[in-house]
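# Survey of secondary and tertiary structure
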Amino acid sequence: MAQARLEAAVAATKPPALTQLPGSSPLMKRLGARLLALPAYQTGTALADAPPAFTEVGLRYTHYSEDSIDQDAVIFGATDRYDIDVTQLWIEAPVGASWSVALDVQNDYQTGASPWFVGAQQDGEPGVIMSGASIQDNRVEVGVTTRYFWADGNAGFSVSHSDEDDYEATALAFDASWNTADDARTWSTSFSSSRDTLNPTQGVIPVFITEEDLDTQSAYFGVSQILSRTAIARIGLSYTLSEGYLSDPYKFRDQRPDTHERLSLSAGYRRFLIDSDASLQIDYRYYADTWGTDSHTVELAWAQNLPGGLLTPYVRYYTQREADFFSVIADTEAPHYADDYRLSSYGAVTLGARWAVALGENWTLELEAERYMTDADWGVFHGDAAPALVDFWRGTVGIIWRFD
Amino acid sequence: MRYKDRSHLARGICLLTMLYLTACSSVKTVAPYDRGYLAEDGMKWDEGTRNAKLKGHVYTSKEASSGGAGSAGGGCGCN
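Every value quoted in this text rests on a predicted model; they were computed, and no experiment measured them. (Residues numbered from 1 in each chain as written. Chains lettered and ligands numbered in written order. Predicted model: local features only at pLDDT ≥ 70, side-chain atom pairs only at ≥ 80, totals over all residues. Heavy atoms only, no water.)

### Describing the sheet that holds strand 2 (residues 74-76) of chain A
Residues and elements named next belong to chain A. Using the following cut-off: The rule for pairing is simple: two strands pair if DSSP sees at least two bridges between them. Note on conventions: DSSP H or I runs of at least 4 residues are helices, E runs of at least 2 residues are strands, and numbering of each starts at the N terminus. Lines fitted to the C-alpha atoms define the axes, with helices restricted to the stretch that makes contact. Angles between their N-to-C directions range from 0 to 180 degrees.
Read across the sheet, three strands follow the order 2-6-5 without closing on themselves; strand pairing throughout is mixed. For this open sheet the edge positions go to strand 2 and strand 5 (115-120), each flanked by a neighbour on one side alone. Going across the sheet, the axis of each strand differs from the next one's by a mean of 40 degrees, ignoring polarity.

In structure tokens form, the structure reads like this:
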């Protein structure tokens, strides 16, 4: 039955002209195999969107480690910051001829300390009071996604729930994409809604709320277009509205507005370079919100095909303008105030690489490492330097098994 | 509260729209059998749903910005 399902899926997606391709060279064999798995917008007009032809089971482990904060910037408390271990497990399978379903489970375990507030040191320079002893927290998220495929597109619905000691979130999301008659253009949209509940735990540092809620609604609309046989581009616009408790309960001087509107414009470009057997990836995002923050993000990547794998080094640049109510040492006389370094003006550079290696026909090994570095002087927006900007390492290893 | 500079936003929307229209005006019709390069793994918009979600989660919890190619999900107590 599984074989019959696979053959049906292949038949539904097989381009008629594929049989005319010269199949002797490794490049043409690789292209032929990938054409069979193409979504409709990248294949021919007579072809249909189809569920995945295989069942996929994946397991990934990620370690995230923040650098210790500079001792000179600390007035009191531990200098070690967060370490987080993330485990992701998923299974995704076709159901019948038109559906797929996916189950995702993620566990995050974090330890470390975080900035509590910023004060003045004896020399007048700002210094950080850290949260003291190490915090430990465990977060579990479970999500189910079901997707329906039809001739000109597909639509998915997902529900997810996450739970940790002091935070609970439930989210619903719907997305859809559909193709134009010539399958050269794909329109996409998505909507999501979430309800978060905070129950801060009383620990080493005092908190001043017992329970608060946060509601978030989000929408996205975008379009991608095939530009040539080797190039494709897309643009998108997303809007998010959050209402409720938006302050950080674990920061001493943090009073934020209870409404937050966010807009982001995104653009992407992919070009395959035949001579290099590699793809150039360019992504850009402009972000603005009602807290006075705006930002630019640019990411460049080079995806190089190698025998049995794909190696993708990348660089990402990010710069943001500080929020209207941010100051290095919070002004508690103002209606809204915060000294959270994440709301300050700064720039950040990420250097990373990921490597996907095929282990036989059914297994894929994924490796990724990146370094994230921040500096107030790297940004294009003016603002005072926050003393607790964070640098971190992230490493990921994953294994994926596909079978029919 | 308001957006810091609405003209930036308007200019951004106009710029992206112009870029898109310019790009689309030079679009060449690509036959179905000639779309093999577009199916390369390196031509995908993201490196995989789970990896993209995790990376987005990390950046969103450490930066003031969020959003991009999709709508938001539930939050977390990441500080």
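### Things to note about the side chain of Arg35 of chain B
Condition: Only protein chains enter the accessibility calculation, which uses a 1.4 Å probe; a residue whose area is less than 20% of its type maximum is buried, one above 50% is exposed, and one in between is partly exposed. Residues scored as charged are limited to Lys and Arg (positive) and Asp and Glu (negative), so that His and the chain ends carry no count. Criterion for a salt bridge: a side-chain nitrogen of Lys or Arg within 4 Å of a carboxyl oxygen of Asp or Glu. Under the rule applied, a polar contact is a pair of N or O atoms within 3.5 Å (in protein, one hydrogen donor and one hydrogen acceptor; residues adjacent in sequence only if both atoms are side-chain atoms).
With respect to the helices, strands and loops of the structure, Arg35 of chain B is situated in the loop between helix 1 (6-25) and helix 2 (49-62). Buried charge without a salt bridge: Arg35 of chain B, with Asp183 of chain A as the nearest opposite-charge side chain at an N-O distance of 5.5 Å. Here Asp182 of chain A takes part through its backbone oxygen, which lies 3.4 Å from a polar atom of the side chain of Arg35 of chain B.

### A word on the environment of Gly56 of chain B
Residue and element names in this part refer to chain B. Examined against the element boundaries, Gly56 turns out to sit in helix 2. Owing to a relative accessible area of 28%, Gly56 belongs among the partly exposed residues under this scheme. The spacing of Gly56 and Gly68 is twelve residues in sequence and 9.5 Å in space, taken between C-alpha atoms.

### Regarding the pairing of strand 8 (residues 153-164) of chain A
Residues and elements named next belong to chain A. Bridging between strand 7 (residues 135-150) and strand 8 involves twelve bridges; their strand directions are antiparallel. Bridge pairing links Trp150 to Gly153 in strand 8. The hairpin formed by strand 7 and strand 8 contains two residues between the paired strands. Sheet topology note: the strand 8/strand 9 (residues 167-179) ladder contains twelve bridges and is antiparallel. Within the sheet, the bridge partner assigned to Ala155 lies in strand 9 and is Ala176. The antiparallel pairing of strand 8 with strand 9 creates a hairpin that spans two residues between the two strands.

### Focus: the confidence of the model for chain A
Residue and element names in this part refer to chain A. Condition: Residue-level confidence of the predictor is summarised by pLDDT, bounded by 0 at the bottom and 100 at the top. The contact criterion used is simple: two residues touch if any of their non-hydrogen atoms lie within 4.5 Å.
Mean pLDDT over chain A works out to 87, with 87% of the residues at or above the 70 mark. Scored below 50 in pLDDT, residues 1-29 shows 37 contacts in the model against residues more than four places distant or in partner chains. For the stretch residues 35-48, pLDDT sits under 50, and the model shows 58 contacts to residues farther than four places along the chain or on other chains.

### Let's talk about the nonpolar core
Note the cut-off: By nonpolar core we mean a set of buried residues, namely Ala, Val, Leu, Ile, Met, Phe, Trp, Tyr and Cys, connected to one another through side-chain atoms within 4.5 Å.
Of all hydrophobic cores here, the largest spans 39 residues; its most connected members are Leu343 and Tyr372 of chain A. Of all the secondary structure elements, the ones that give two or more residues to this core are strand 3 (83-95), strand 6 (126-130), strand 9 and strand 19 (346-359) of chain A together with helix 2 of chain B. Broken down by element, the residue count for this core peaks at three residues, all from helix 2 of chain B. In this view, Leu343 of chain A contacts Arg256, Trp291, Gln320, Glu322, Ala323, Phe325, Phe326 and Ala338 of chain A together with Ala64 of chain B; residues no more than four positions away in its chain are not counted. Counting residues in each nonpolar core, the second largest holds nine residues, with Ala184 of chain A together with Tyr37, Leu38 and Trp45 of chain B among its members.

### What to know about a negative patch on the surface
Residues and elements named next belong to chain A. So the rule is basically this: Within the patch definition used here, like charges are joined within 9 Å and nonpolar side chains (Val, Leu, Ile, Met, Phe, Trp, Tyr) within 5 Å, considering only residues with over 30% relative accessible area and no salt bridge. Only the protein chains shown count as cover for residues, and the accessible areas themselves come from Shrake-Rupley with a 1.4 Å probe. For charged residues, the charge sits on one atom: NZ in Lys, CZ in Arg, CG in Asp, CD in Glu.
Residues Asp163, Asp165, Glu168 and Glu211 make up a contiguous surface patch of negative charge. Looking at the element boundaries, Glu211 is found in the loop between strand 10 (185-198) and strand 11 (212-228). The exposure class assigned to Glu211 is partly exposed, which follows from its relative accessible area of 48%.

### A short note on the environment of Ala120 of chain A
Residue and element names in this part refer to chain A. With respect to the secondary-structure elements, Ala120 resides in strand 5. Once the C-alpha coordinates of Ala120 and Ile329 are considered, the two residues, 209 residues apart in sequence, prove to be 7.7 Å apart. Setting aside chain neighbours within four positions, we find Ala120 in contact with Ile75, Glu125 and Ile329.

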